[in-house]
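Now for the letters of each chain:
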Amino acid sequence: MSCFSTSSIFFISLRLKVFLVTTLVLVFLAFTFFFVSQSELESQLEQRQFINYKKQKLDIINAIKMSRNTLQGYTSMISAVAATDSLFGINDNKKVSAKINEIWPSLQLDIGIDELKILDKEGKVVLEKGAYIFSRNKNENIDNVFYRRWAKESLDLERPVSRLICSKECRQYAFSPILSNGESIGVVVASLSIADVARYINIDGKSDIAILADIKERQRSSYLKSWGGDVVAATNKEETIKKIDYLSQGFSKKEIVDSPVRIKLNDEYYYVMMFPVGDNGHAIEDGGHVVVFSNITDEYESVNKESERAFLIILLGWLFAEAAIFGLLWKPMSSLKKIIEYLPMLAEGKFDDFAKVMKIPGRYSHDEIGVLQRTALAVSGKLQQLQIELHDMNSQLQYRVEDLAKERDFTNSLLSTASALIITHGEKSGVVIANQLALKKTGLRLDNIIGKGFQNTFLNDNDRFNYFRSEFQQEHTLAGNNEIIIEWYHSPLSSLSSEDAYWVSVGVDVTEKKKAESRLVWLANQDSLTGLYNRRFFKERLEESLSNQEYGAVFYLDLDRFKEVNELSGHGSGDKLLCMVADKLKDFLPDECFIARLGGDEFSVLLPFYADSLAIDIASKINDALDEINFIVDKQRHRAVASIGIASYPMHGDNTESIMANADIAMYLAKDNPMVDWHLITEKDLSKENIQHRIYWDEVLKQSLQDDSFEFFAQPIMNVSDNTIKHYELLIRLPDSVGGFFSPGQFIPVAERSGLIIDIDRYVIAKGVHYLSCMNGVSFSINISGKSLRDESLAEFLSKKLEESGAQAERLIVEITETEAVTDFGLASKTLLDIKELGCKVALDDFGSGFSSFRYLDRLPSDFVKIDGEFISGLERSPSNRVIVNSIFEVSRSFGKQVIAEFVDSDEVLDILSEIGVDYAQGYLVGKPEHINKIIRCDDERK
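Calculation rules
- Residues numbered from 1 in each chain as written.
- Predicted model: local features only at pLDDT ≥ 70, side-chain atom pairs only at ≥ 80, totals over all residues.
- Heavy atoms only, no water.
- Axes fitted to C-alpha atoms, helices over the stretch in contact; angles between N-to-C directions.
- Helix = DSSP H or I, 4+ residues; strand = E, 2+ residues; numbered from the N terminus.
- Parallel < 35°, antiparallel > 145°, perpendicular 65-115°, else oblique.
- Left-handed = near helix turned anticlockwise from the far one by under 90°.
- Contact = heavy atoms within 4.5 Å.
- Nonpolar A, V, L, I, M, F, W, Y, C, P; charged D, E, K, R; others polar.
- Pairing = 2+ DSSP bridges.
- Patch = residues over 30% accessible without salt bridge, like charges linked within 9 Å, V, L, I, M, F, W, Y side chains within 5 Å.
- Areas by Shrake-Rupley, 256 points an atom, 1.4 Å probe, with all protein chains shown as cover.
- Salt bridge = Lys/Arg side-chain N within 4 Å of Asp/Glu carboxyl O.
- Buried < 20%, exposed > 50% of the residue type's maximum accessible area, 1.4 Å probe, protein only.
- 1 Å grid on protein atoms, 1.4 Å probe; cavity = no way out; pocket = protein on both sides within 12 Å on 5 of 7 lines; lining within 4 Å.
- Points joined across faces, edges and corners; volume = space filled by probe spheres on them.
- Polar contact = N/O pair within 3.5 Å; in protein donor to acceptor, adjacent residues only side chain to side chain.
- Phe/Tyr/Trp six-rings, centres within 6.5 Å; stacked < 30°, edge-to-face > 60°.
- Lys NZ or Arg CZ within 6 Å of the ring centre and 35° of its normal.

Draft legend 1. Representation of the packing of helix α22 (residues 757-773) against helix α24 (residues 794-805) within the structure. Where α22 contacts α24, the two axes come as close as 9 Å, and the packing angle between them is 30°. For the element pair α22 / α24, the angle class is roughly parallel. Crossing handedness for the pair α22 and α24: right-handed. Contact with α22, carried on its side by Arg 762, Ile 765, Ala 766, Val 769 and Ser 773, involves Leu 794, Phe 797, Leu 798, Lys 801, Leu 802 and Ser 805 of α24 and no other residues of that element. The residue inventory of the contact of α22 with α24, partitioned by class, reads seven nonpolar, two polar and two charged.

What follows is the structure in structure tokens.
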């Protein structure tokens, strides 16, 4: 027989653990109780002192208020006497002086007034009694600025005025006007010392009070340098001054005013409070403070004694509890220790030896220890029997366990890792197996699924599962969650004629796939910002209406001054306004109308089967509806006002291009007419002369593009730092019939209206890339229009031309005006970013002409900033323009962009630009535009 030994390991007895744990708990509770009691007693003491402080403060304030009211009442009485006896008339003032002399002793003794003056309305002293603060000569006008101000204030208001001032001492002043026949003819001034009032304030015998005047220079021995003040009055003055001097060395006045403090001085504890007095708005100096010392030594020592007594009681209680627990547990723990020593024999299989040891006479008791002994014997016998049975079963189960483990591992791996819902189910038995993904998708637990019908658990009410057919496939939303779409593949596991047909159903979540398909369909037809239809789908719908030989009207809407919204409040605000306009159009227009956003701030409406009169009636009310939009950003209200062009079909066109072009022309005519905001295209607008004019320009532009008859000029751009020219801006010109040139202002607007501007932009790109390929070390800038920025294929076209010509992309600079760039900010940013990814550079032209230039500077992908010539022309004469140019330069440089100045026409302007640090200069001083053939020559084979 061998017993389990604990000598080889570190062993701590349960008895010791119980003793240590109970000791720690009791010690923790004792100290917690002690500290809580100590904190509670000190908190109660603090509260009592704070309440006492509030009471004393209120008493002091009330005493000062009573003094003020009394003083003010007596000055009003004296002013009434002075007014009655015509003090300020031609008579002498002996009568008034006699009355004042009668009551003066009473005023001094009963009230404490020690100064009295009577002034005329010019501030001259007519009568005075007592001490004099501001003037010693009664014939001299009062010239002190504060004294004169208060006297004047009382005269102007025609009512008494009071002031509490702390200087060399704290004094209460009262000013009362003397009224005669409804007119102020003088003022009575009286004052008394607050120190006299403080002596009568009711405070307990353990408290002292002092009044501290804030004085910047030393006046007397009681002056406190660290606080910049002097004690002008105090109870127990000598002791109180010592306390204040001690207090001023450790605390500032603000600390004590904000929160009362507790100090120890000469083995005495004091609770010190301070609050300001005086009228700082009118004070000669900074005012004064009242300091209250409350002796709390007895209370503080009482708290300490209570805490010590509580700690002693807690300590004795702890010792008694420890002794009781130790004595109570000693014998049971000894018996338990013996049992624990024998229990390891069960682990060693020594069941017979364990039974002999546990059956020693006298070992059984009638408590928990006895129950443990009997239970241990029963467990020993049962374990011995189970050991025999287990030995027999191990051999039988070994092979079976290995087979099941292999099957289990395979099944679990398949079900857990599969990215599909896998369910095995029968017609009668319901769901048999469901993997984790199936549980996750349904949100059900396995025990809530097992045995339930497949159709009820995974399919909706309208979906059916047929157990008597061959394998099949179906697509349904998941039961209980119509947002999840599952594509099911069903396959039978047993013969269809068996008693219970079992199937395996594999489901694939195709929700995201379906959403993506729906999104693609939506994006193909909708405007992503407003949710309206887009230009492409609008044209399809118009073509469909034309092919069905329908009639109707087309609106072309353009928002007036929309660019200012983007410039003043930002692109995000412009997008919000566009969405609000779209919503308002949907709400206002009839349901049969077809609304689309063409791009930027342009909208179009198709009104099938609408006659002209009905279309005009609706168009005339659109702006009334838009005016209901209340869009306010930073207190700036933005209104939505549209210019509306109307074209009827088939009257004004038999194809989408002509109808939309005529509606566009009508829209511009509406903009030109200040009387109305809509215009219906008329026969006059489509008259032969107008048509010929438009056709003429269309033909001229088309023929010029076809014949390659446009000509190009180049204007040099100089590097300011070294005066070198390696950069030109390419300018397009259209020759006229007399050897001159049409200005771009004549044909570019026509091209924009007809849609030829995109072809012209591409023509300029092709030419610019071609010229660039003919020269080395020189960069070219080309200008493109805002409509080309909305051409998503522009970057692809540019890439193709660069590849064909072999020109270096990094030497090509694409210029776009700032205003065009921010009109449709999102699409413009994308197009410019695509251009930069080709290696080309981007310049923002006419920068500074808008209100929001800096807002977009860091968000638009650009390399150069061309300052608007409006700020450069006459720069030497305009300091404000110089500030603007300098600001644009500094901000641009902080964003890593180079700066070009246009319209440089004098050396003075160039010198200023050089001083600012501008990188490049362009203008007649640098060079006028010259024909491109004078600058470069291209071989025919490279053309």
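Draft legend 2. Here's a closer look at the sheet that holds strand β13 (residues 430-434). The five strands are arranged β13-β12-β16-β15-β14 in an open sheet whose pairing can be described as antiparallel. The open sheet has two edge strands with one neighbour each: β13 and β14 (472-478). Within the sheet, the average angular offset between the axes of one strand and its neighbour, ignoring direction, is 30°. Strand direction decides the pairing type here: β14 and strand β15 (residues 481-492), joined by seven bridges, are antiparallel. Paired with Gln 473 across the strands is Tyr 489, a residue of β15.

Draft legend 3. Inspection of the packing of helix α15 (residues 535-547) against helix α19 (residues 656-672) at higher detail. Direction vectors running N to C along α15 and α19 enclose 115°, while the axes themselves pass 10 Å from each other. Here α15 is positioned roughly perpendicular relative to α19, judged by the angle of their axes. Pair α15 / α19 crosses with right-handed handedness. Facing α15, whose interface residues are Phe 538, Lys 539, Leu 542, Glu 543 and Leu 546, α19 presents Thr 656, Ile 659 and Met 660. Of the residues in the contact of α15 with α19, the class split is five nonpolar, one polar and two charged.

Draft legend 4. Focus on a nonpolar patch on the surface. Residues Phe 31, Phe 35, Phe 311, Leu 312, Leu 315, Leu 316 and Leu 319 make up a contiguous nonpolar surface patch of about 650 Å² in total accessible area. Of all the secondary-structure elements, those providing two or more residues to the nonpolar patch are α1 (14-84) and α7 (297-342). Considering every element that reaches the nonpolar patch, the biggest residue donor is α7, with five residues. Among the secondary structure elements, Phe 35 is positioned in helix α1.

Draft legend 5. Just the pairing of strand β8 (residues 229-234), in detail. Among the six residues in β8, five count as buried, and that is most of the element. Here strand β6 (residues 207-214) runs beside β8; their pairing, made up of five bridges, is antiparallel. Bridge pairing in β8 places Ala 213 opposite Asp 230.

Draft legend 6. Region of the structure containing the layout of surface pockets. Its boundaries defined by the atoms lining it, the second largest pocket holds a volume of some 950 Å³. Glu 729, Leu 731, Pro 744, Asn 783 and Asp 845 are, among the 33 residues lining the second largest pocket, the residues nearest its centre. Within the residue set of the lining of the second largest pocket, elements represented by two or more residues are β24 (711-719), β25 (725-735), α21 (744-754), α22, β28 (812-817) and β29 (841-847). Among the residues making up the lining of the second largest pocket, the classes are represented as 15 nonpolar, eight polar and 10 charged.

Draft legend 7. Region of the structure containing the sheet that holds strand β17 (residues 552-559). Spatial ordering of the open sheet is given by β18-β19-β17-β22-β23, a layout of five strands whose pairing is mixed. Where the open sheet ends on each side, the last strands, each with one partner, are β18 (594-599) and β23 (678-680). Each strand axis lies, on average, 20° off the axis of its neighbour in the sheet, ignoring direction. Relative to β23, strand β22 (residues 642-649) is paired through three bridges, and the arrangement is parallel.

Draft legend 8. Focus on the side chain of Asn 435. Looking at the secondary structure, you find Asn 435 in the loop between β13 and α11 (436-442). At 2.8 Å, the side chain of Asn 435 and the backbone oxygen of Ala 420 are in polar contact.

Draft legend 9. Layout of the environment of Leu 705. By the element assignment, Leu 705 lies in helix α20 (residues 688-707). With sequence-adjacent residues up to four places away left out, Leu 705 is seen in contact with Phe 710, Asp 759, Ile 760 and Tyr 763.

Draft legend 10. Broad picture of the packing of aromatic side chains. Going through the model one piece at a time under the given rule, you end up with 15 aromatic pairs. Arranged with centres 6.5 Å apart and planes meeting at 85°, the rings of Tyr 270 and Phe 293 form a pair that is edge-to-face. With a gap of 23 residues between them, Tyr 270 in strand β10 (residues 268-277) and Phe 293 in strand β11 (residues 288-295) connect regions that are remote in the sequence. Ring geometry for Phe 713 versus Phe 741: centroids 5.4 Å apart, planes at 90°, classification edge-to-face. Of this pair, Phe 713 sits in strand β24 while Phe 741 sits in strand β26 (residues 741-742), and the two are 28 residues apart along the sequence. Under the relative-accessibility criterion, Phe 713 is labelled buried at 16%. A cation over a ring is seen here: Arg 762 above Phe 797, with NZ or CZ 4.8 Å from the ring centre. One residue, Lys 928, lies across the ring of Tyr 924, its end atom 5.3 Å from the ring centre.

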